[in-house]
Amino acid sequence: MSTRNDARFGERVRRLLRHEGQWLASLVWWVARRRVGVPEGARALPYAGAQAAMSYGLAFVFVVETVGVSLLLQDHPGLHAVALVGDIYTVLLVLGSQAAAVTRPHVLGAEDLLVRNGARMELRIPLASIASVRYDLRSRQDGHSGAGDGREDAGRLELAIAGQTSVTVELTEPVVVVWLLGRRETVRTVRFHADDARGAVGAVRGAVEAVRAARSVAERGEPVTPG
């Protein structure tokens, strides 16, 4: 039992360290105006715009707090150094979270839909497993966003941005979600936010229809016409 608990603890530590490295790296990609994991031919579906104002506002508040605390502790160099490191880390964490959301958008490919939540998690959904997708604006006031960690009723994943989701995907078969600390859960409904939610819904529907058409042609044994 002890060995198993040690292994789980080690896995959680590795996952947390990897997450830490990912949001720190996202700051670099953000400055370089690069996106992560968006291959040629795939379509990025941004979602970070909804939380941008809040993120920048929090970062500004923490910067002001850093200056204030530095002035208060200027006669206590030891405490000042500890507080300064903590405050700088907090500012970077807020900006890194936004950077991760900007550089890691949802990605619509030819075969699957990659749904992301910054550097915290991602879920790859085969387009062939999508039963329906619709524009469905929901907010925390509707009682469907919980604490924002995505955990809701059994079988449902909800990734709220700025307290809201705007796209609902229903699946024909469950997919497995892996949480930040390694916990696994199967879901059949996925709700997430996209800045252009209606455009995202239209794009996903078109991709799903293309996959279904290709499968139908293949099942009939008809030759596939390029383009």
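In short, a report on the structure.

Scoring rules and cut-offs
Residues numbered from 1 in each chain as written. Predicted model: local features only at pLDDT ≥ 70, side-chain atom pairs only at ≥ 80, totals over all residues. Heavy atoms only, no water. Helix = DSSP H or I, 4+ residues; strand = E, 2+ residues; numbered from the N terminus. Buried < 20%, exposed > 50% of the residue type's maximum accessible area, 1.4 Å probe, protein only. Contact = heavy atoms within 4.5 Å. Areas by Shrake-Rupley, 256 points an atom, 1.4 Å probe, with all protein chains shown as cover. Axes fitted to C-alpha atoms, helices over the stretch in contact; angles between N-to-C directions. Parallel < 35°, antiparallel > 145°, perpendicular 65-115°, else oblique. Nonpolar A, V, L, I, M, F, W, Y, C, P; charged D, E, K, R; others polar. Pairing = 2+ DSSP bridges. Salt bridge = Lys/Arg side-chain N within 4 Å of Asp/Glu carboxyl O. Expected span 1.5 Å × (residues − 1). Core = buried A, V, L, I, M, F, W, Y, C linked by side-chain atoms within 4.5 Å.

Regarding the overall build of the protein chain
Right, so step 1: Counting its secondary structure elements, the protein chain contains four helices and eight strands.
Right, so step 2: In the protein chain, which comprises 227 residues, the proportion classed as buried is 38%.
Right, so step 3: In the protein chain, of all internal contacts separated by at least 6 residues, the share reaching a separation of at least 24 is 68%.
Right, so step 4: Accessible surface computed for the protein chain: about 13000 Å², of which carbon and sulfur atoms make up 58%.

Points about the packing of helix 2 (residues 49–72) against helix 3 (residues 77–103)
Right, so step 1: Here helix 2 crosses helix 3 at 170°, and the two axes come no closer than 10 Å. By the angle class used here, helix 2 and helix 3 are roughly antiparallel. From helix 2, Gln-51, Ala-52, Ser-55, Tyr-56, Leu-58, Ala-59, Phe-62, Val-63, Glu-65, Thr-66, Val-69 and Ser-70 reach across to helix 3, where they touch His-80, Ala-83, Leu-84, Asp-87, Thr-90, Val-91, Val-94, Leu-95, Ser-97, Gln-98 and Ala-101.
Right, so step 2: Residues that form the contact of helix 2 with helix 3 fall into these classes: 13 nonpolar, eight polar and two charged.

Re the sheet that holds strand 2 (residues 106–108)
Right, so step 1: Pairing in this open sheet of four strands is antiparallel, and the strands run 1-2-3-4 from one edge to the other. Of all the strands in the sheet, the pair left with one neighbour each is strand 1 (43–45) and strand 4 (121–126). In this sheet, neighbouring strand axes are inclined to one another by 20° on average, regardless of whether the strands run parallel or antiparallel.
Right, so step 2: Taken together, the three bridges between strand 1 and strand 2 define a ladder with antiparallel strand orientation. In the sheet register, Leu-45 faces strand 2, and the bridge partner there is His-106.
Right, so step 3: Across the face of the sheet, helix 4 (residues 197–220) comes into contact with strand 1, strand 2 and strand 3 (112–117) while running at roughly 140° to strand 1.

A word on unusual backbone geometry
Where the residue is not glycine, phi is negative for most of them; where a peptide bond is considered, it is trans in most cases.
Right, so step 1: Although it is not a glycine, Arg-33 adopts a positive phi angle of roughly 60°.
Right, so step 2: As for its position among the elements, Arg-33 is in the loop between helix 1 (2–31) and strand 1.
Right, so step 3: Residue Arg-33 is classed as exposed on the basis of its relative accessible area, which comes to 79%.
Right, so step 4: Positive phi is not limited to glycine here, since Ala-162 has a value of about 55°.
Right, so step 5: In this structure, Ala-162 sits in the loop between strand 6 (155–159) and strand 7 (164–178).
Right, so step 6: By relative accessible area, Ala-162 is classed as partly exposed at 42%.

Comments concerning the pairing of strand 6
Right, so step 1: Of all five residues that make up strand 6, four are buried, and the element is covered over most of its length.
Right, so step 2: Relative to strand 8 (residues 184–192), strand 6 runs parallel, the two sharing five bridges. Across the sheet, Arg-156 pairs through a bridge with Thr-189, a residue of strand 8.

Topic: the pattern of salt bridges
Right, so step 1: Enumeration over the complete set of coordinates arrives at seven salt bridges.
Right, so step 2: Linking Asp-136 and Arg-134 is a salt bridge whose minimum nitrogen-to-oxygen distance equals 3.9 Å.
Right, so step 3: For Asp-136, a relative accessible area of 14% corresponds to the buried category.
Right, so step 4: Among the ionic pairs, Asp-136 bridges to Arg-138, the shortest N-O distance being 2.8 Å. Both residues of the pair, Asp-136 and Arg-138, belong to the buried class.
Right, so step 5: The structure contains a network of salt bridges with shared partners spanning Arg-134, Asp-136, Arg-138 and Glu-170.

Section: helix 4
Right, so step 1: End to end, helix 4 covers 35 Å across 24 residues, agreeing with the expected 34 Å (1.5 Å per residue, within 8%).
Right, so step 2: Those residues of helix 4 not exposed but buried are Ala-197, Ala-200, Val-201, Ala-203, Val-204, Ala-207, Val-208, Val-211 and Val-217.

Quick look at the pairing of strand 8
Right, so step 1: As paired strands, strand 7 and strand 8 are joined by eight bridges and run antiparallel to one another. Following the sheet pairing, Glu-170 is matched in strand 8 by Thr-189.
Right, so step 2: The turn linking strand 7 back onto strand 8 is made up of five residues, and Gly-182 within it adopts a positive phi angle of 100°.

A closer look at the nonpolar core
For soluble globular proteins, nonpolar side chains are generally found buried alongside one another.
Right, so step 1: Core analysis: the biggest nonpolar cluster contains 30 residues, and Leu-113, Leu-157 and Val-190 have the highest contact counts within it.
Right, so step 2: The biggest single contributor to this core is helix 4, with eight residues.
Right, so step 3: Setting aside residues up to four positions removed in sequence, Val-190 forms contacts with Leu-123, Ile-125, Leu-157, Val-167, Thr-168, Val-169 and Leu-171.

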